[in-house]
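Coordinate analysis (summary)
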Amino acid sequence: MEFDTIAAISTPIGEGAISIVRLSGPEAVSIADTLFIGKSLPEVESHTIHYGKVMEPTSEIVADEVMVSVMRAPKTFTCEDIVEINCHGGVTAVSRILEIVLENGARLADPGEFTKRAFLNGRIDLSQAEAVMDVIQSKTDQAMNVALHQLDGKLSKLITELRQALIETIAHVEVNIDYPEYDDVEEMSHDMMEEKTAFVHDEIDRLLQVAKQGKILREGIKTAIIGRPNVGKSSLMNSLVQEERAIVTDVPGTTRDVIEEYVNVRGIPLQLIDTAGIRETKDIVEKIGVERSHQILAEADLVLFMLNHNEPLTDDDRQIFALLEDLNYIVIINKIDLEQQIDIEEIKSLAKDNALITTSLIEEKGIDDLEAALAHLFFSKDIATEDGTYVSNVRHIQLLKQSKEALEEATNALALNMPLDIVQIDIRRTWEYLGEIIGDTASESLIDQLFSQFCLGK
Amino acid sequence: MTYHAGDYDVIVIGAGHAGCEAALAAAKMGSNTLMLSLNLDMIAFMPCNPSLGGPAKGIVVREIDALGGAMGKVIDKTHIQMRMLNTGKGPAVQALRAQADKPLYIQEMKNILENEPNITMKQAMVNELIIEDGVCKGIITETNAAYYSEKVIITTGTFMRGKILVGDYEYESGPNNQRVSVKLSENLEELGFDLTRFKTGTPPRVNSHTIDYSKTEIQPGDEKPQGFSYETTEFITDQIPCWLTHTNERTHEVINDNLTLSAMYSGMKRGTGPRYCPSIEDKIVRFHDKPRHQVFLEPEGRNTKEVYVQGLSTSLPEYIQTEILRSVPGLEEAEMMRPGYAIEYDSVKATQLWPTLETKKVAGLYTAGQINGTSGYEEAAGQGIIAGINAALAVQGKEPFILDRSQSYIGVLIDDLVTKGTREPYRLLTSRAEYRLLLRHDNADLRLTELGYELGLISEARYNNFQEKLRLIDEGKEVLHKQIVKVADHVQDALVRAKSTPLKDASRALDLLKRPEITFDVIEEMIGEQDYPAEVKEQIEIQTKYEGYIKKSLEQVDRMLKMEDKKIPDNINYDDIHSLADEAREKLKEIRPMSIGQASRISGVNPADISILLVYVEQGKLARS
């Protein structure tokens, strides 16, 4: 049997010290290899496990340290090549890795699909066939429930509206094609089409932004604490952690002592990143330089930038302000218990509209202000939407990305002045991808649209 | 008492567009074929609009031709005007449309049928099918003649229990006041077939002498000679124009004031009418804010003065029809020669058919054309040829012939009908095809000639020409690939004239042809004229320019075909598969899809059901091996 390559998270989400992303299919090894830093996977022996890192191939940003096991067909669960990526527990690493895997050629597995493949490839005994079918049905029901739950009314309404906009455009082009001499239907022009697709493109973009926010709610706001050595980063972390003792999650791994820490500040989940860096190397900027900061900043949703009340501003500090330009950040001037050496007016002008807090962590002063600033930032529209339209399902995000790509291909074709019926091919794909999100891909609705929108006939 | 009147391989009941193609295909494939018509003067009659082709439909005519059918050849010989539509759009949606000369079309088609040695034509009304052990063995006519055969194809169009409605007047009739077929319909019901009532309509015809054409707009044919058939070499140059006028407020007022008198709005008509072919009453009611609607005046032939008033299909009383006509500019003095009418008729629910168009209930019995719930001459002819081919193949004990959705519009049409059924008369639209870019007007021969040849429907001579065309396309592409276009004045000039960007470096001619604005002509301006026929140049250009999109479509087709190849055994018992959702089980039992692919297109069958079905089918395979 010939199949494409599928992938899914095969451990319970959010539980356990280790999570596994499993790939099965003819491309399993080659897909894993494109995102794996370590041994060349196509060359390793079957049924071996290898240490390395998973990165996003285009940006080369590392997602996690992992152990990857390679098992070649036919002696595997599905009788196909299987790769299992063992990463750290929790939600973040594993969903990020799944996302990368899906972006690089694998398809998200349907409910029960690994089991189905195992069966179809003759791996499971015939007597188990019924059981397999029941599994598919029950997993589908389960997934449906989850999907329905995740697909809140607002998202589904929004997607429906976008599809409606697309189908009206499609129907318009179709009517030009199927009824070429009807003069009461205006001929769709490239400009008109561009306008319509641009609107939908923006909306999908916005949804993907919202998707990121949905992830924030689930996984926490990725927060980096940066600043010169000895400015009080560890103290800040400790005081945040102390405030919310119960929420700290230390995940002991084999490679690092601390991978990620969650704190909950007034109900806002923060995921502190590069905490190891803060603890082990005392002086981030000096030791690893601006380049490393750059990388941390690329990952962060929110930056807490700490300055010392007792020291003048340096060029390094000014450079960091420049790096923070497009990010959400809060400036914290610590050590106000000590004498003022810093030029607060200059900081105000550098920080522009971003929040500026003064603290004395030693005297436990200013933490409330910081929490208030965090809450303000979080509940403003920049980080999360108040109406709660969240896209958090990996499948939905994947489909939104596919819709966006298809739409971009349509836009390119428009720019090349391709005939509209050709451009239409990708617009229709966009419409279908969006339809998959809300479970509606019936093409009959196009025909319905055609005849309800236009007056046609002999 | 019946008498034994003869024995045949195949009997075709009806001689409309489906019947003609069915009989010709079966006969050419060696079947001794009997063709029965209610009226031998009305063979291949066009009861409604005098035109063939247009988007999607025109491509079907070409597909029929590539399979050796007659429709394209006949219209090429008998049209009064021909136009290529959608020339400003992409190659996938261009299509020819011809205005037909109705009486000439009949003569020409009849001539072809009469000269086909394996066809016997008779005028007869069929009342009953001869069924033995669930297998169709022949037919009995109203004059008690019993004809026996291996296969029977019913192509009775809108004749079964037909009823014509004009205002509140109704009478039993086939289209255009022909005899109605009642007993056959009853017989099918007795045999357990599920019939539905459909309706359609036609506009009035007026006398050309009474039209003031000066108040209308001329709609001439194309100057370029062209035809549907790949065998046509002589083209008609003497064309007749059509004319365009519009309804106005006065027209709409008359209609609105008299709506209750329309057969449709008085509640008499029970059948379901097509949305794409609404009556003028329908248009005014549903789109009441439109100030006017187009009305095309189309001659019905060269030697007749009757003009078809396209756009004014109606079932209003005759006197209102006159009033409506006379409100339209150019028609103020128009004399109506025939009134418009609505017609209601029985059709067979097409989900009762296999994709071969054989019925699931009665083996050896096929139905094709408007009886299956379609509308349009082309849709009918497309089904006709497939039914004829399959009947002939079955007589020879050979494998059936089924076109898939990536091969032809005919495949899309039949798959839609037998898989989804239709709740209104079905018309082909280009948007019904998933792989529109592959199903082009220009490549119907490339798609289907080989298949037609294998079936024995394409002559050696034509097949050789076709092979030569394939060779020239490959050769031409190779030549353009090797031809390097250097930066030179005449090259840059040609590019600028074509509104393209000048070259920076030398480029392959084939790569330049990929630019949307660069046609083959522009390439020839750069590299000199190429010695290939126009249709070869056209293929090279289209295949090159849309290569990326074509490739994408082909990849989709590959995925679709994988599912199509997974056959479902005919003896499958869906009740044994407990995990199936109830709705899916009912649908699967009704449609009995032949493949997993077909099953996945049935509405109400979900992906999970398909997975379950796949597991079940594979399990069966494993068990056997």
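About the cut-offs
Residues numbered from 1 in each chain as written. Chains lettered and ligands numbered in written order. Predicted model: local features only at pLDDT ≥ 70, side-chain atom pairs only at ≥ 80, totals over all residues. Heavy atoms only, no water. Helix = DSSP H or I, 4+ residues; strand = E, 2+ residues; numbered from the N terminus. Rg over C-alpha atoms; globule rule 2.2 N^0.38 Å. Buried < 20%, exposed > 50% of the residue type's maximum accessible area, 1.4 Å probe, protein only. Contact = heavy atoms within 4.5 Å. pLDDT = per-residue confidence, 0-100. Expected span 1.5 Å × (residues − 1). Pairing = 2+ DSSP bridges. Axes fitted to C-alpha atoms, helices over the stretch in contact; angles between N-to-C directions. Phe/Tyr/Trp six-rings, centres within 6.5 Å; stacked < 30°, edge-to-face > 60°. Disulfide = S-S within 2.5 Å. Parallel < 35°, antiparallel > 145°, perpendicular 65-115°, else oblique. Left-handed = near helix turned anticlockwise from the far one by under 90°.

1. Some thoughts on the overall build of chain B
- In terms of helices and strands, chain B carries 20 helices and 22 strands.
- Its C-alpha radius of gyration of 26 Å places chain B within 12% of the 25 Å reference for a compact globule of 625 residues.
- The principal-axis extents of the C-alpha atoms in chain B amount to approximately 85 × 80 × 50 Å.
- Burial statistics for chain B: of 625 residues in total, 61% are counted as buried.
- Pairs at least 24 apart in sequence give 73% of the contacts found in chain B among residues at least 6 apart.

2. Topic: the confidence of the model for chain A
- Taken over all residues, the pLDDT of chain A has a mean of 75, while the share at 70 or more is 69%.
- Overall, residues 278-289 of chain A carries pLDDT values under 50, and its contacts beyond four positions in sequence, including any with other chains, amount to 24 contacts.

3. Observations concerning helix H1 (residues 17-28) of chain B
Residue and element names in this part refer to chain B.
- An ideal rise of 1.5 Å per residue puts 16 Å on 12 residues; H1 measures up with 17 Å between its terminal C-alpha atoms.
- Here H1 lies mainly inside the structure; 11 of its 12 residues are buried.
- Within H1, burial applies to His17, Ala18, Gly19, Cys20, Glu21, Ala22, Ala23, Leu24, Ala25, Ala26 and Ala27.
- Positive backbone phi, approximately 100°, marks glycine 30, located one or two places after H1.

4. Quick look at the sheet that holds strand E17 (residues 306-310) of chain B
Residues and elements named next belong to chain B.
- Here we have 6 strands laid out as an open sheet, ordered E14-E15-E16-E17-E13-E18, and antiparallel in their pairing. Two strands lie at the open edges of the sheet, namely strand E14 (217-219) and strand E18 (336-338), each paired on one side alone. In this sheet, neighbouring strand axes are inclined to one another by 35° on average, regardless of whether the strands run parallel or antiparallel.
- Contacts from helix H8 (residues 318-326) reach strand E13 (205-207), E17 and E18, with the element oriented near 135° to E18.

5. As for the packing of aromatic side chains
- By the definition in use, this model includes 7 aromatic pairs over all chains.
- Aromatic side chains A:Phe321 and A:Tyr329 sit 6.3 Å apart centroid to centroid with 65° between the ring planes, which places their arrangement in the edge-to-face category.
- By relative accessible area, A:Phe321 is classed as buried at 3%.
- Its relative accessible area of 4% is what places A:Tyr329 among the buried residues.
- A centroid spacing of 6.2 Å and a plane angle of 50° characterise the contact between B:Tyr8 and B:Tyr147, whose relative ring orientation is tilted.

6. Examining the sheet that holds strand E12 (residues 195-202) of chain B
Residue and element names in this part refer to chain B.
- As summarised here, the arrangement of the 4 strands in space is E11-E10-E19-E12, forming an open sheet in which the pairing is antiparallel. A strand with exactly one partner marks an edge of an open sheet, and here the two such strands are strand E11 (169-172) and E12. Recorded for the sheet is a direction-independent mean angle of 25° between the axes of neighbouring strands.
- Pairing of E12 with strand E19 (residues 341-348) involves 8 bridges; the strand directions are antiparallel.

7. Examining the state of the cysteines
Residues and elements named next belong to chain B.
- Within this structure, the stated rule accounts for 0 disulfides over all chains.
- Not engaged in a disulfide, the cysteine cysteine 20 finds its nearest cysteine sulfur in cysteine 48; these two sulfurs lie 18 Å apart.
- Take cysteine 48: its relative accessible area is 10%, and that puts it in the buried class.

8. Some words on unusual backbone geometry
- With an omega dihedral of 0°, the bond running from A:Ala73 to A:Pro74 counts as a cis peptide bond.
- Inspection of the secondary structure puts A:Pro74 in the loop between strand E5 (61-71) and strand E6 (82-88).
- A positive phi angle, close to 60°, is found at B:Asn86, a residue other than glycine.
- Looking at the secondary structure, you find B:Asn86 in the loop between strand E4 (79-85) and strand E5 (95-100).
- Positive phi, close to 55°, is recorded for B:Asn176, a residue that is not glycine.

9. Things to note about the packing of helix H12 (residues 460-482) of chain B against helix H16 (residues 534-545) of chain B
Residues and elements named next belong to chain B.
- Packing of H12 against H16 brings their axes to within 9 Å, and their N-to-C directions diverge by 55°. The orientation of H12 with respect to H16, classified from their angle, is oblique. You can see that H12 and H16 cross each other, and the crossing is right-handed. Within the contact between the two elements, H12 uses Lys469, Leu472, Ile473, Gly476, Lys477 and Leu480 and H16 uses Glu535, Val536, Gln539, Ile540 and Gln543.

10. Describing helix H3 (residues 71-78) of chain B
- H3(B) sits mainly inside the fold: 6 of its 8 residues count as buried.
- Taken residue by residue, H3(B) has B:Met71, B:Gly72, B:Val74, B:Ile75, B:Asp76 and B:Thr78 as its buried positions.

11. Remarks on the pairing of E11(B)
Residues and elements named next belong to chain B.
- Inspection of the sheet shows strand E10 (residues 163-166) paired to E11 by 4 bridges, in the antiparallel sense. Bridging from a neighbouring strand, leucine 165 pairs with glutamate 170 of E11.
- Remark: 2 residues form the turn of the hairpin made by E10 and E11, two consecutive strands paired antiparallel; glycine 167 in that turn has positive phi of roughly 60°.

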